[in-house]
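# Working through the structure, step by step
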Amino acid sequence: MQTTPSVFRSELTRNRLILVALWLAFYCSFTLAAPPLLDDADSVHSEVAREMLVRHDWTTLYANGIRYLEKAPLLYWSIAASFKLFGVRTQTARLPLAFAVLALAFAMERFARRAFGSTRAGLYAALILLSSFGIFIFTRIIIPDVAVCLWLTLALFCYWLTEQQTTPNWLLCGAFAACCALNVLTKGLIGIVFPILVVVAHLLLTRRSLRRTLTRLRQLYPITSILIFLIIAAPWHILIGLANPTQGHPGGLSFTHGHWTVPLPTQGNVHGWFWFYFVNEQVLRYLNLRVPRDYDTVPLVLFWGLLLIWLMPWSAFLYRALGTVPWRKTLRPRVSIRTLDAVESTRLLLGLWAAIPMLFFSLSTRQEYYVLPALPAMILLIAAWLNDEASEAESFAVPNPLVRSGQRISVVLLVLGSIAALIAGFFVLHSHLPGPNTDLASLLKQNPGDYALSFGHFLDLNAQAMGAFRSPLLITAFALFGGALANWLCRRDYRPHTANLWLASATFAFLLAAHMGLQIFSPVLTSSQLADAIAPELKPDDLIVIHGEYEAASTLGFYLQRNDLHILDGRSSNLWYGSFFPDAPPIFEDATSMSLKWTGPRRIFLWQDLSDPLPELRGKTYFISQSGGKEIISNQPNPY
């Protein structure tokens, strides 16, 4: 049945209103304000943006007054602009990523609708994206990876549009280059490596020869595209390189005894930004040679396995969706390009897009959120498969292999959903609510070996602590079982479209439960409560000291709006390299200097993790506040 233009516009408007409503509900309302910013990347990145405004320097990034040279600037520019417009608050720090999710949802909707000729495919793509656990949970932390997904999606959409034309439009080629440049300003070299690898691989596999590939590349306005890329990407790279030159005599890479030795900085002897950013942070990080060696990597099996978690429950359809990529047809020798039709070429592009980031990071150091650039491609493939399944059911076609596959998948989801709901119900029935003043951290069993994961602290949870999570566990149980049951019933009755809507509803309910759980757990992950405790009595000349790494209590700097925190026994991680520049402030303390300051007239607030031994301090110590397994002590009593 042919869709009339008026019906098409009506469906499109309805779908977009649904997407905006879901985005407002889950990404741009209560989730902006709570929980507070978390220690480590969340508050460090927000503080870098805040210091941008304080220092009036939009070129060189600073964290706690020290050069922060390892990151690209676009995320911090967007947060700083949000602060400038709306004030320095938790909500405004998270606002740019929320808008990135909205833009990505609309880009996915348009890509799927255009590529597969269906408004329903567009709706599915955007719904799956917004309900993706991976997209949701990794926008609870302020990291740039969802923006990487946005620029990569837009770049490859521009390329796909050029593939629909015999003579490419230079505006599309320029837009592709602009998206690559913005991605480089968001995450570094992968911003151009991923789209170029995907495009070149797609051209080689569809053109079947290097000569035809080069001919096509020459049609894509390479000179104009390179100029647009450089106009956008080059200025900041040049300015920051000039502003941060090499200092002293830092030495160079050497190859001895069969392995590479990377030069370590000493006070006043550091490589400039060009070496640190491109060589150390891009090349050496990929080769696992980066300095400092203060990072871990997710095991390869876990890296791939977590992909199913980030896409659940839609990952149940991933195998079938990936099976639509025409790998065999593409790789078969001596077969003409004409054997791939437009839809098959599109599926091949999406398959390459899904595979290349995963394979790229499989050969390097990796974190679990590094899979995010591959998710949009997988989501588009899943959306296309779900749309084909629904169309087959509505046509009453016989045989109906897609419908039958969907029914089998629904049985698997029902079994898994029932098991997960039973586990959640077990914890609800066999756990006890903690007392009103119980610190959740006191109920946890610490597993520091798992903290390499972004949310590794959640592995500290045990049966005793689960009592604090009864409400989100109940929502999870009803969502997983109810959604899986409704999905199975609807697919059994040959109504896969309704089944997909039930699955989406259950997934959004699970996201609500996940957010509630994060909010309950947040005192363990943030020091904002401690910042609130000392803020009323804090004087400008008071000294705040973190015992350990800056990242362990970085929320103190953001919420107290202080970029002069001192660090005791924690010269490492993000502040390490910048601390060797000659103009770095003297903020690093040792046992001797700390003891001398402790007995002086200046008031000191010392942040301390309760799991670490208290440093030896001369004189008296006074308890100020405790929260989430952390405390603040002082060398002077609390006057309140």
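I will try to describe carefully the structure that is included in this document. (Residues numbered from 1 in each chain as written. Predicted model: local features only at pLDDT ≥ 70, side-chain atom pairs only at ≥ 80, totals over all residues. Heavy atoms only, no water.)

Here we come to the overall build of the protein. Helix and strand content of the protein: 24 helices and 10 strands. Computed over C-alpha atoms, the radius of gyration of the protein comes to 26 Å, within 12% of the 26 Å expected from 2.2 N^0.38 for 640 residues, which places it in the range of a compact globule. Along the longest, intermediate and shortest principal axes, the C-alpha atoms of the protein span 85 × 60 × 50 Å. Here the contacts in the protein between residues at least 6 apart in sequence split such that 72% fall between residues at least 24 apart. As displayed, the protein has an accessible area near 27500 Å², and 65% of this comes from carbon and sulfur atoms. (Helix = DSSP H or I, 4+ residues; strand = E, 2+ residues; numbered from the N terminus. Rg over C-alpha atoms; globule rule 2.2 N^0.38 Å. Contact = heavy atoms within 4.5 Å. Areas by Shrake-Rupley, 256 points an atom, 1.4 Å probe, with all protein chains shown as cover.)

Taken together, Val 411, Val 412, Val 415, Leu 416, Ile 419 and Ile 423 make up a surface patch of nonpolar side chains, about 510 Å² in accessible area. Residue classification places Val 415 among the partly exposed positions, given a relative accessible area of 45%. (Patch = residues over 30% accessible without salt bridge, like charges linked within 9 Å, V, L, I, M, F, W, Y side chains within 5 Å. Salt bridge = Lys/Arg side-chain N within 4 Å of Asp/Glu carboxyl O. Buried < 20%, exposed > 50% of the residue type's maximum accessible area, 1.4 Å probe, protein only.)

Enumeration according to the criterion identifies 34 aromatic pairs in this entry. Their ring planes at 90 degrees and their centres at 5.7 Å tell us that Phe 194 and Phe 361 sit as a pair that is edge-to-face. A residue pair is termed long-range when its members are at least 10 positions apart, and Phe 194 in helix α10 (residues 190-207) and Phe 361 in helix α17 (residues 342-362) qualify at 167 residues. Overall, the relative accessible area of 1% leaves Phe 194 in the buried class. Grouped by ring-pair contacts, the aromatic residues Phe 133, Phe 138, Phe 194, Tyr 286, Trp 310, Phe 360, Phe 361, Tyr 369, Tyr 370 and Phe 510 constitute a single cluster. Above the face of the Tyr 62 ring, Arg 55 is positioned so that its terminal group lies 3.6 Å from the ring centre. Just above the ring of Phe 136 sits the side chain of Arg 140; from NZ or CZ to the centre is 4.5 Å. (Phe/Tyr/Trp six-rings, centres within 6.5 Å; stacked < 30°, edge-to-face > 60°. Lys NZ or Arg CZ within 6 Å of the ring centre and 35° of its normal.)

Here we come to the sheet that holds strand β8 (residues 604-609). Taken in spatial order, the six strands of this open sheet run β7-β6-β5-β8-β10-β9, and their pairing is mixed. Every other strand in the sheet has two partners, leaving β7 (588-589) and β9 (622-627) as the edge strands with one partner each. Pairing analysis gives four bridges linking strand β5 (residues 543-547) to β8, with the strands arranged parallel. Within the sheet, the bridge partner assigned to Ile 546 lies in β8 and is Trp 607. (Pairing = 2+ DSSP bridges.)

It is worth spelling out the pairing of strand β10 (residues 630-634) at this point. Along a regular strand, successive side chains alternate from one face of the sheet to the other. Within β10, five of the five residues are buried, which leaves the element mostly enclosed by the surrounding structure. Of the two faces of β10, both are covered, the one formed by Lys 630, Ile 632 and Ser 634 as well as the one formed by Glu 631 and Ile 633. Pairing of β8 with β10 involves five bridges; the strand directions are antiparallel. Each bridged residue has a counterpart across the sheet, and for Phe 605 the counterpart in β10 is Ser 634. For β9 and β10, the ladder comprises five bridges, and the chain directions are antiparallel. Paired with Phe 623 across the strands is Ile 633, a residue of β10. The antiparallel pairing of β9 with β10 creates a hairpin that spans two residues between the two strands, and Gly 628 there sits at a positive phi of about 60 degrees.

Okay, the side chain of Glu 163 next. Tracing the backbone shows Glu 163 in helix α8 (residues 145-163). A distance of 3.2 Å separates polar atoms of two side chains, one belonging to Glu 163 and the other to Arg 216. Glu 163 has contacts with His 202, Leu 203, Arg 207 and Arg 216, leaving out every residue within four places of it along the chain. (Polar contact = N/O pair within 3.5 Å; in protein donor to acceptor, adjacent residues only side chain to side chain.)

We now examine helix α21 (residues 496-525). Taking 1.5 Å of rise per residue, 30 residues should cover 44 Å, and α21 covers 41 Å from first to last C-alpha, within 8% of that figure. Residue Gln 519 marks the point of greatest curvature in α21, where the axis turns by about 35 degrees; the proline Pro 523 follows within four residues. (Expected span 1.5 Å × (residues − 1). Bend = angle between axes of the 7 residues up to and from the residue.)

Once that is clear, we can look at unusual backbone geometry. With an omega dihedral of -5 degrees, the bond running from Ala 34 to Pro 35 counts as a cis peptide bond. Along the chain, Pro 35 turns up in the loop between α2 (30-33) and α3 (41-55). In this structure, the amide linkage connecting Met 312 to the following residue, Pro 313, adopts the cis form with an omega of -5 degrees. Among the secondary structure elements, Pro 313 is positioned in the loop between α14 (300-310) and α15 (318-322). The phi torsion at Tyr 494 lies on the positive side, around 60 degrees, for a residue other than glycine. Take Tyr 494: it is sitting in the loop between α20 (470-492) and α21. The class of Tyr 494 is partly exposed, set by a relative accessible area of 41%. Positive phi outside glycine occurs at Asp 569, with the angle close to 55 degrees. Along the chain, Asp 569 falls in the loop between β6 (566-568) and β7. According to the relative accessible area criterion, Asp 569 is exposed, its value standing at 53%.

This part is about the environment of Arg 408. Within the secondary structure, Arg 408 is located in helix α19 (residues 401-430). Measuring from C-alpha to C-alpha, the distance between Arg 408 and Ala 201 comes to 34 Å, with 207 residues separating the pair along the chain.

Moving on, we come to the packing of α17 against helix α18 (residues 375-395). Where α17 meets α18, the axes come as close as 8 Å, and the angle between the chain directions of the two elements is 145 degrees. As for how α17 packs across α18, the hand of that crossing is left-handed. Residues Arg 347, Leu 350, Gly 351, Trp 353, Ala 354 and Met 358 of α17 pack against Pro 376, Ala 377, Met 378, Leu 380, Leu 381, Ala 384 and Asp 388 of α18. Residues of the contact of α17 with α18, tallied by class, amount to 10 nonpolar, one polar and two charged. (Axes fitted to C-alpha atoms, helices over the stretch in contact; angles between N-to-C directions. Left-handed = near helix turned anticlockwise from the far one by under 90°. Nonpolar A, V, L, I, M, F, W, Y, C, P; charged D, E, K, R; others polar.)

This part is about the state of the cysteines. A full pass over the atoms with the stated rule returns zero disulfides. Of the cysteine sulfurs around Cys 180, a residue in no disulfide, the closest is that of Cys 179, at 7.1 Å. The exposure class assigned to Cys 180 is buried, which follows from its relative accessible area of 2%. (Disulfide = S-S within 2.5 Å.)

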